[in-house]
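Observations on the three-dimensional arrangement
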Amino acid sequence: IASPKNKDSLINEKPTYSGIAEVGARIVLSLRYTVDGQTTEQVIGQPTADSMGAWTFATTVPLTTGLYRLFATAIDAAGNSSDKTIIGFSVVDNTPPPTPRVAFPLKDSTVSGSMFATYGLAEANSKIIIVRDHVLTYTTQAQPDGTWKFDFVVPFGVGSHVLEYSSADASNNQSGKLTVPFLVEAGPAVVLPVVPPPQEPQPFAPPKKPLPPPQKT
């Protein structure tokens, strides 16, 4: 097997396999892969080596991201089979996730109060990266349904601020960036409840009159 090479990482989801064998030999190609914990091996093609011994096979079924093992066996005109040639390769995801959508705060909006949560939608299970005022960086994780939320614990000062959002998938592909400028205004004053001081415990006072004797029944 000339292509792909052992331990290659492929970006093309429809790879072309090629190699060298005995002239006129039929090459049986099978692919082994694991999906959801279940391993499957199936024959994907049977190209024939040409007059120079070269063979090639272009798959039409796209491969998902993951690890694969390719097996190649040459069978001559008399039906004799060669030993299997085995290589391993991986298919990696190079598609960036979409830019996260932000439901709060909205662009050019006014937020009342210095403490709040930002939230929105993104690619499922992606990492959300939030840059605050070009200085502080926070991360949070999108849920399987794509929803995400982050609670700020450092108060925002009154005035103009900007948040920059992006995301990264499991293959570390980076999305585009979304910039959200907004204004923070002072929130309503917080009135703390008045707690009365604790009172001193009163000493036990015995009854002034002795208790009557129990009556006979």
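One can find the structure itself at the top, above this paragraph.
Quantities reported herein were computed from a predicted structural model and do not represent experimental measurements. (Residues numbered from 1 in each chain as written. Predicted model: local features only at pLDDT ≥ 70, side-chain atom pairs only at ≥ 80, totals over all residues. Heavy atoms only, no water.)

1. Focus: the sheet that holds strand β12 (residues 136-141)
Spatial ordering of the open sheet is given by β9-β15-β14-β11-β12, a layout of five strands whose pairing is mixed. Bordering the open sheet on either side are β9 (109-112) and β12, each of which pairs with just one other strand. Each strand axis lies, on average, 30° off the axis of its neighbour in the sheet, ignoring direction. With six bridges joining them, strand β11 (residues 127-132) and strand β14 (residues 159-168) adopt antiparallel strand pairing. (Pairing = 2+ DSSP bridges. Helix = DSSP H or I, 4+ residues; strand = E, 2+ residues; numbered from the N terminus. Axes fitted to C-alpha atoms, helices over the stretch in contact; angles between N-to-C directions.)

2. Looking at the nonpolar core
If you look at the biggest cluster of nonpolar residues, it comprises 17 residues, and the most contacted ones within it are Ile130, Trp148, Phe152, Phe156, Leu163, Tyr165 and Phe182. The element that contributes the greatest number of residues to this core is strand β15 (residues 178-185), accounting for three residues. Each residue touching Phe156, except ones within four places of it in the same chain, is listed here: Ser114, Phe116, Arg132, His161, Leu163, Phe182 and Val184. Grouped together as the second largest cluster of nonpolar side chains are 16 residues, Tyr17, Leu29, Leu31 and Phe89 included. (Core = buried A, V, L, I, M, F, W, Y, C linked by side-chain atoms within 4.5 Å. Buried < 20%, exposed > 50% of the residue type's maximum accessible area, 1.4 Å probe, protein only. Contact = heavy atoms within 4.5 Å.)

3. Some details on the layout of surface pockets
Computed from the structure, the largest pocket encloses a volume of approximately 200 Å³. Around the largest pocket sit 14 residues that line it, and Leu31, Gln42, Ile44, Val61 and Leu63 are the ones nearest its centre. If you list the elements that add at least two residues to the lining of the largest pocket, you get β3 (26-35) and β4 (38-45). Looking at which element gives the most residues to the lining of the largest pocket, the answer is β3, with three residues. (1 Å grid on protein atoms, 1.4 Å probe; cavity = no way out; pocket = protein on both sides within 12 Å on 5 of 7 lines; lining within 4 Å. Points joined across faces, edges and corners; volume = space filled by probe spheres on them.)

4. A look at the side chain of Asp169
Locating Asp169 in the fold gives a position in the loop between β14 and β15. The charged side chain of Asp169 is buried without a salt bridge, its nearest counter-charge being Lys127 at 9.7 Å. Within the structure, the side chain of Asp169 is placed 2.8 Å from the backbone nitrogen of Asn173, a separation counted as a polar contact. The residues touching Asp169, leaving out its near neighbours within four places in the chain, are Asp93, Thr95, Pro97 and Glu123. (Lys, Arg positive; Asp, Glu negative; His and termini not counted. Salt bridge = Lys/Arg side-chain N within 4 Å of Asp/Glu carboxyl O. Polar contact = N/O pair within 3.5 Å; in protein donor to acceptor, adjacent residues only side chain to side chain.)

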